[in-house]
Amino acid sequence: KLYEMNKVISDTAEYGCYLYTQACIPLLKDFMAKIDTSVIGTKFNKGDNGVDNKRLIEINEAIESHEVEKIGRMLRGHMSAMKKISTVAE
């Protein structure tokens, strides 16, 4: 599921997601065991939550061209010694 989610968020956030996943999943294991799972996946907002794809593309392009993302791409370019992160999809 993280792989699918990371397709729609920034590269910088995706990298942070991989880092924190290693620590968060073990921490959440006990907590999630006590949660009523019948509420997971139910629609919180009963109204329309449709998305205008053209507008979504415009927003994604604006995000990708933001200075933070430009700097993130540059910084990641300097991280050439980092090891590949294994994912379930591989």
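What counts as what
- Residues numbered from 1 in each chain as written.
- Predicted model: local features only at pLDDT ≥ 70, side-chain atom pairs only at ≥ 80, totals over all residues.
- Heavy atoms only, no water.
- Helix = DSSP H or I, 4+ residues; strand = E, 2+ residues; numbered from the N terminus.
- Buried < 20%, exposed > 50% of the residue type's maximum accessible area, 1.4 Å probe, protein only.
- Areas by Shrake-Rupley, 256 points an atom, 1.4 Å probe, with all protein chains shown as cover.
- Lys, Arg positive; Asp, Glu negative; His and termini not counted.
- Salt bridge = Lys/Arg side-chain N within 4 Å of Asp/Glu carboxyl O.
- Contact = heavy atoms within 4.5 Å.
- pLDDT = per-residue confidence, 0-100.
- Expected span 1.5 Å × (residues − 1).
- Polar contact = N/O pair within 3.5 Å; in protein donor to acceptor, adjacent residues only side chain to side chain.

1. Some words on the overall build of the chain
Next, step 1: Assigned secondary structure in the chain consists of 4 helices and 0 strands.
Next, step 2: Counting only residues that meet the buried cut, the chain has 9% of its 90 residues in that class.
Next, step 3: For the chain, the accessible surface area stands at approximately 8200 Å², while carbon and sulfur atoms represent 62% of it.

2. Looking at the side chain of Glu69
Next, step 1: Its place among the elements puts Glu69 in helix α4 (residues 67-77).
Next, step 2: For Glu69, which is buried and forms no salt bridge, the nearest opposite charge comes from Arg76, at a distance of 4.6 Å.
Next, step 3: Among residues more than four places away in sequence, those in contact with Glu69 are Ser10, Asp11, Thr12, Ile63, Glu64 and Arg76.

3. What to know about the confidence of the model for the chain
Next, step 1: Scored by pLDDT, the chain comes out at a mean of 79, with 82% of its residues at no less than 70.
Next, step 2: Per-residue pLDDT, averaged within each element of the chain, yields its smallest value for helix α1 (residues 2-6) (63) and its largest for helix α3 (residues 53-64) (91).

4. Quick notes on the pattern of salt bridges
Next, step 1: By the definition in use, this model includes 2 salt bridges.
Next, step 2: With its nearest N and O atoms 3.3 Å apart, the salt bridge here joins Glu58 to Arg55. One end of the pair is Glu58 and the other is Arg55, both in helix α3 and 3 residues apart, which spans about a single turn.
Next, step 3: We classify Arg55 as partly exposed; its relative accessible area is 47%.
Next, step 4: When the shortest N-O distance is used, the salt bridge between Glu67 and Lys70 registers 3.4 Å.

5. Comments concerning α3
Residues three or four positions apart in an α-helix share a direction because the helix packs 3.6 residues into each turn.
Next, step 1: Compared with the 16 Å implied by 1.5 Å per residue over 12 residues, the 16 Å span of α3 between its first and last C-alpha is a close match.
Next, step 2: Of the residues flanking the start of α3, the one acting as N-cap is Asp52, its side-chain oxygen 3.1 Å from the backbone nitrogen of Lys54.

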